[in-house]
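Notes for the structure review
The residues making up each chain are set out below.
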Amino acid sequence: MTTFALRPAVPSDAPRIALWMTQPHVRRWWHQGWSVERWAQEITRQAAGEHSMPCVVTLDAEEFAYVELYRVRHDRLAQYYPYDAEDWGVHVAIGDGTRVGRGLGRQLLREVVDTVLRTEPACTRVVAEPDIENTPSVRAFAAAGFLNRGELQLPEKTAVLMVRTRTVQEA
Ligand SMILES: CC(C)(COP(=O)(O)OP(=O)(O)OC[C@H]1O[C@@H](n2cnc3c(N)ncnc32)[C@H](O)[C@@H]1OP(=O)(O)O)[C@@H](O)C(=O)NCCC(=O)NCCS
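Below: a short report on this structure. If you're wondering where the values come from, they're calculated on a predicted model, not measured in any experiment.

**A short note on the pairing of strand 4 (residues 88-94)**
By the criterion of burial, strand 4 is predominantly enclosed, with five of the seven residues buried. Here strand 3 (residues 62-71) runs beside strand 4; their pairing, made up of seven bridges, is antiparallel. For E68, the partnering residue across the bridge sits in strand 4 and is H91. With two bridges connecting them, strand 4 and strand 5 (residues 125-128) associate as parallel partners.

Structure below.
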(Lines give C-alpha, C1' and ligand atoms only; values in the text may rest on other atoms or scores of the structure.)
Protein backbone atom coordinates (compact mmCIF):
# COMPACT_ATOMS: atom_id res chain seq x y z
CA MET A 1 0.00 0.00 0.00
CA THR A 2 1.20 3.52 -0.82
CA THR A 3 1.87 5.61 2.26
CA PHE A 4 2.13 9.37 2.07
CA ALA A 5 3.32 11.60 4.88
CA LEU A 6 2.48 15.29 4.81
CA ARG A 7 4.44 17.78 6.89
CA PRO A 8 4.62 21.59 6.98
CA ALA A 9 7.33 22.96 4.71
CA VAL A 10 10.17 24.90 6.36
CA PRO A 11 12.56 27.40 4.76
CA SER A 12 15.28 24.71 4.46
CA ASP A 13 12.95 22.89 2.00
CA ALA A 14 13.33 25.81 -0.40
CA PRO A 15 16.10 24.25 -2.57
CA ARG A 16 14.02 21.15 -3.22
CA ILE A 17 10.78 23.06 -3.82
CA ALA A 18 12.53 25.55 -6.11
CA LEU A 19 13.94 22.62 -8.11
CA TRP A 20 10.50 21.00 -8.42
CA MET A 21 8.96 24.28 -9.52
CA THR A 22 11.44 24.64 -12.37
CA GLN A 23 10.62 21.22 -13.82
CA PRO A 24 8.81 21.86 -17.12
CA HIS A 25 5.73 19.77 -16.24
CA VAL A 26 5.25 21.83 -13.04
CA ARG A 27 6.41 25.25 -14.24
CA ARG A 28 3.92 25.18 -17.10
CA TRP A 29 1.00 25.23 -14.66
CA TRP A 30 2.38 26.79 -11.49
CA HIS A 31 4.37 29.65 -13.05
CA GLN A 32 6.42 29.84 -9.83
CA GLY A 33 9.87 28.84 -11.06
CA TRP A 34 11.43 31.14 -8.49
CA SER A 35 14.88 31.24 -6.89
CA VAL A 36 15.69 29.30 -3.71
CA GLU A 37 15.78 32.60 -1.80
CA ARG A 38 12.34 33.61 -2.99
CA TRP A 39 10.92 30.21 -2.07
CA ALA A 40 12.45 30.45 1.40
CA GLN A 41 10.76 33.83 1.82
CA GLU A 42 7.50 32.47 0.46
CA ILE A 43 7.45 29.57 2.92
CA THR A 44 8.20 31.91 5.81
CA ARG A 45 5.46 34.29 4.64
CA GLN A 46 2.85 31.56 4.31
CA ALA A 47 3.77 29.95 7.63
CA ALA A 48 3.31 33.30 9.39
CA GLY A 49 -0.16 33.95 7.97
CA GLU A 50 -3.70 32.59 8.04
CA HIS A 51 -4.10 32.11 4.31
CA SER A 52 -2.24 28.91 3.45
CA MET A 53 -0.04 26.06 4.62
CA PRO A 54 2.86 24.92 2.43
CA CYS A 55 3.57 21.19 2.81
CA VAL A 56 6.10 18.64 1.63
CA VAL A 57 4.86 15.12 0.90
CA THR A 58 6.97 12.05 1.46
CA LEU A 59 6.28 8.76 -0.27
CA ASP A 60 8.08 5.69 1.02
CA ALA A 61 10.71 7.88 2.71
CA GLU A 62 11.31 10.01 -0.38
CA GLU A 63 10.14 13.59 -0.65
CA PHE A 64 8.28 13.81 -3.93
CA ALA A 65 5.56 16.45 -3.92
CA TYR A 66 4.54 19.91 -2.77
CA VAL A 67 1.04 20.70 -1.54
CA GLU A 68 -0.47 24.03 -0.54
CA LEU A 69 -3.61 23.97 1.51
CA TYR A 70 -5.46 27.26 1.70
CA ARG A 71 -8.48 28.76 3.37
CA VAL A 72 -10.72 29.94 0.55
CA ARG A 73 -12.04 32.84 2.60
CA HIS A 74 -8.54 34.36 2.54
CA ASP A 75 -7.88 33.51 -1.12
CA ARG A 76 -8.70 35.33 -4.34
CA LEU A 77 -10.82 32.28 -5.26
CA ALA A 78 -13.44 33.58 -2.82
CA GLN A 79 -14.33 36.22 -5.43
CA TYR A 80 -15.19 33.59 -8.03
CA TYR A 81 -17.72 31.20 -6.51
CA PRO A 82 -20.23 31.19 -3.63
CA TYR A 83 -17.73 29.88 -1.08
CA ASP A 84 -18.43 28.71 2.42
CA ALA A 85 -16.35 30.26 5.19
CA GLU A 86 -14.97 26.84 6.10
CA ASP A 87 -14.02 25.75 2.55
CA TRP A 88 -10.41 24.70 2.05
CA GLY A 89 -8.54 24.63 -1.24
CA VAL A 90 -5.62 22.57 -2.48
CA HIS A 91 -2.76 23.10 -4.93
CA VAL A 92 -0.50 20.16 -5.76
CA ALA A 93 2.72 19.48 -7.65
CA ILE A 94 4.55 16.17 -8.02
CA GLY A 95 8.09 17.42 -8.52
CA ASP A 96 9.67 14.30 -9.95
CA GLY A 97 8.55 14.05 -13.57
CA THR A 98 9.14 10.28 -13.61
CA ARG A 99 6.42 9.90 -10.98
CA VAL A 100 3.54 11.62 -12.74
CA GLY A 101 0.83 9.83 -14.69
CA ARG A 102 1.02 6.70 -12.52
CA GLY A 103 -1.99 7.25 -10.31
CA LEU A 104 -0.04 8.76 -7.41
CA GLY A 105 -1.67 12.18 -7.77
CA ARG A 106 -5.18 10.85 -7.30
CA GLN A 107 -4.14 8.77 -4.28
CA LEU A 108 -2.36 11.73 -2.74
CA LEU A 109 -5.35 14.01 -3.30
CA ARG A 110 -7.68 11.48 -1.67
CA GLU A 111 -5.44 11.29 1.37
CA VAL A 112 -5.02 15.06 1.59
CA VAL A 113 -8.78 15.58 1.50
CA ASP A 114 -9.34 12.84 4.07
CA THR A 115 -6.84 14.56 6.35
CA VAL A 116 -8.43 18.00 5.93
CA LEU A 117 -11.95 16.68 6.60
CA ARG A 118 -10.74 14.71 9.62
CA THR A 119 -8.83 17.59 11.19
CA GLU A 120 -11.25 20.38 10.26
CA PRO A 121 -14.71 19.20 11.43
CA ALA A 122 -16.42 22.43 10.30
CA CYS A 123 -15.13 22.02 6.75
CA THR A 124 -17.60 20.36 4.37
CA ARG A 125 -15.86 21.08 1.06
CA VAL A 126 -12.37 20.99 -0.38
CA VAL A 127 -11.93 22.73 -3.72
CA ALA A 128 -9.36 23.17 -6.48
CA GLU A 129 -9.07 25.37 -9.56
CA PRO A 130 -6.91 23.57 -12.17
CA ASP A 131 -6.44 25.16 -15.58
CA ILE A 132 -9.05 23.76 -17.93
CA GLU A 133 -6.22 22.73 -20.26
CA ASN A 134 -4.41 20.79 -17.52
CA THR A 135 -6.03 17.47 -18.34
CA PRO A 136 -3.86 15.33 -16.04
CA SER A 137 -4.75 17.57 -13.11
CA VAL A 138 -8.49 17.71 -13.84
CA ARG A 139 -8.55 13.92 -14.29
CA ALA A 140 -6.57 13.27 -11.12
CA PHE A 141 -8.91 15.50 -9.07
CA ALA A 142 -11.94 13.76 -10.61
CA ALA A 143 -10.48 10.35 -9.85
CA ALA A 144 -9.94 11.50 -6.25
CA GLY A 145 -13.66 12.20 -5.84
CA PHE A 146 -13.86 15.88 -6.85
CA LEU A 147 -16.79 16.91 -9.03
CA ASN A 148 -16.55 19.37 -11.89
CA ARG A 149 -18.68 22.38 -10.90
CA GLY A 150 -18.07 24.43 -14.02
CA GLU A 151 -15.64 26.93 -15.42
CA LEU A 152 -14.21 29.98 -13.67
CA GLN A 153 -12.59 32.83 -15.54
CA LEU A 154 -9.57 33.77 -13.44
CA PRO A 155 -7.24 36.60 -14.47
CA GLU A 156 -4.57 34.33 -15.97
CA LYS A 157 -6.55 31.23 -16.93
CA THR A 158 -9.84 29.53 -17.46
CA ALA A 159 -10.10 27.14 -14.53
CA VAL A 160 -12.36 24.24 -13.65
CA LEU A 161 -13.89 24.50 -10.18
CA MET A 162 -13.41 21.02 -8.74
CA VAL A 163 -15.28 20.32 -5.50
CA ARG A 164 -15.05 17.42 -3.11
CA THR A 165 -17.94 17.50 -0.63
CA ARG A 166 -17.95 15.65 2.68
CA THR A 167 -19.99 12.50 2.18
CA VAL A 168 -22.91 11.47 4.40
CA GLN A 169 -20.77 8.70 5.91
CA GLU A 170 -17.96 11.14 6.63
CA ALA A 171 -20.42 13.60 8.19
C1 LIG B 1 -1.53 17.15 -11.47
C2 LIG B 1 -0.79 15.98 -10.84
C3 LIG B 1 -0.69 16.17 -9.34
C4 LIG B 1 -1.62 14.71 -11.10
O5 LIG B 1 -0.94 13.63 -10.55
P6 LIG B 1 -0.66 12.31 -11.46
O7 LIG B 1 -0.05 11.30 -10.56
O8 LIG B 1 0.10 12.71 -12.65
O9 LIG B 1 -2.15 11.95 -11.82
P10 LIG B 1 -2.81 10.50 -12.05
O11 LIG B 1 -1.79 9.58 -12.61
O12 LIG B 1 -3.53 10.13 -10.83
O13 LIG B 1 -3.90 10.86 -13.16
C14 LIG B 1 -3.50 11.53 -14.35
C15 LIG B 1 -4.59 11.42 -15.36
O16 LIG B 1 -4.30 12.27 -16.46
C17 LIG B 1 -4.18 11.48 -17.64
N18 LIG B 1 -3.10 12.07 -18.40
C19 LIG B 1 -1.81 12.10 -18.11
N20 LIG B 1 -1.14 12.79 -19.05
C21 LIG B 1 -2.04 13.19 -19.94
C22 LIG B 1 -2.00 13.94 -21.12
N23 LIG B 1 -0.85 14.43 -21.57
N24 LIG B 1 -3.14 14.19 -21.78
C25 LIG B 1 -4.30 13.72 -21.33
N26 LIG B 1 -4.43 13.00 -20.20
C27 LIG B 1 -3.31 12.74 -19.52
C28 LIG B 1 -3.90 10.08 -17.16
O29 LIG B 1 -4.30 9.15 -18.12
C30 LIG B 1 -4.77 10.05 -15.92
O31 LIG B 1 -6.13 9.97 -16.23
P32 LIG B 1 -7.04 8.65 -16.26
O33 LIG B 1 -6.36 7.59 -15.48
O34 LIG B 1 -8.32 9.10 -15.67
O35 LIG B 1 -7.14 8.34 -17.69
C36 LIG B 1 0.63 15.80 -11.46
O37 LIG B 1 0.52 15.43 -12.82
C38 LIG B 1 1.47 17.07 -11.34
O39 LIG B 1 2.03 17.34 -10.29
N40 LIG B 1 1.56 17.81 -12.45
C41 LIG B 1 2.35 19.06 -12.47
C42 LIG B 1 1.80 20.16 -11.61
C43 LIG B 1 0.32 20.41 -11.83
O44 LIG B 1 -0.18 20.42 -12.94
N45 LIG B 1 -0.36 20.64 -10.70
C46 LIG B 1 -1.79 20.87 -10.68
C47 LIG B 1 -2.08 22.31 -10.64
S48 LIG B 1 -3.79 22.53 -10.25
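**Some remarks on the side chain of T58**
With respect to the helices, strands and loops of the structure, T58 is situated in strand 2 (residues 52-59). For T58, a relative accessible area of 17% translates into the label buried. Dropping the residues within four chain positions of it, T58 is found in contact with T3, F4, A5, E63 and F64.

**Quick look at the sheet that holds strand 7 (residues 157-165)**
Read from one edge to the other, the open sheet built from seven strands follows the order 1-2-3-4-5-7-6, with strand pairing classed as mixed. Edge positions in the open sheet fall to strand 1 (4-8) and strand 6 (147-154), since each of these has one partner strand only. For this sheet, the mean angle separating the axes of adjacent strands, direction not counted, is 30°. Relative to strand 3, strand 2 runs antiparallel, the two being bridged by eight bridges. Along strand 3, the bridge assignment pairs V57 with A65. Taken strand by strand, helix 5 (residues 135-143) contacts strand 4, strand 5 and strand 7, and its axis lies near 10° from that of strand 7.

Reading the values: the criteria
- Residues numbered from 1 in each chain as written.
- Predicted model: local features only at pLDDT ≥ 70, side-chain atom pairs only at ≥ 80, totals over all residues.
- Heavy atoms only, no water.
- Buried < 20%, exposed > 50% of the residue type's maximum accessible area, 1.4 Å probe, protein only.
- Helix = DSSP H or I, 4+ residues; strand = E, 2+ residues; numbered from the N terminus.
- Pairing = 2+ DSSP bridges.
- Contact = heavy atoms within 4.5 Å.
- Axes fitted to C-alpha atoms, helices over the stretch in contact; angles between N-to-C directions.

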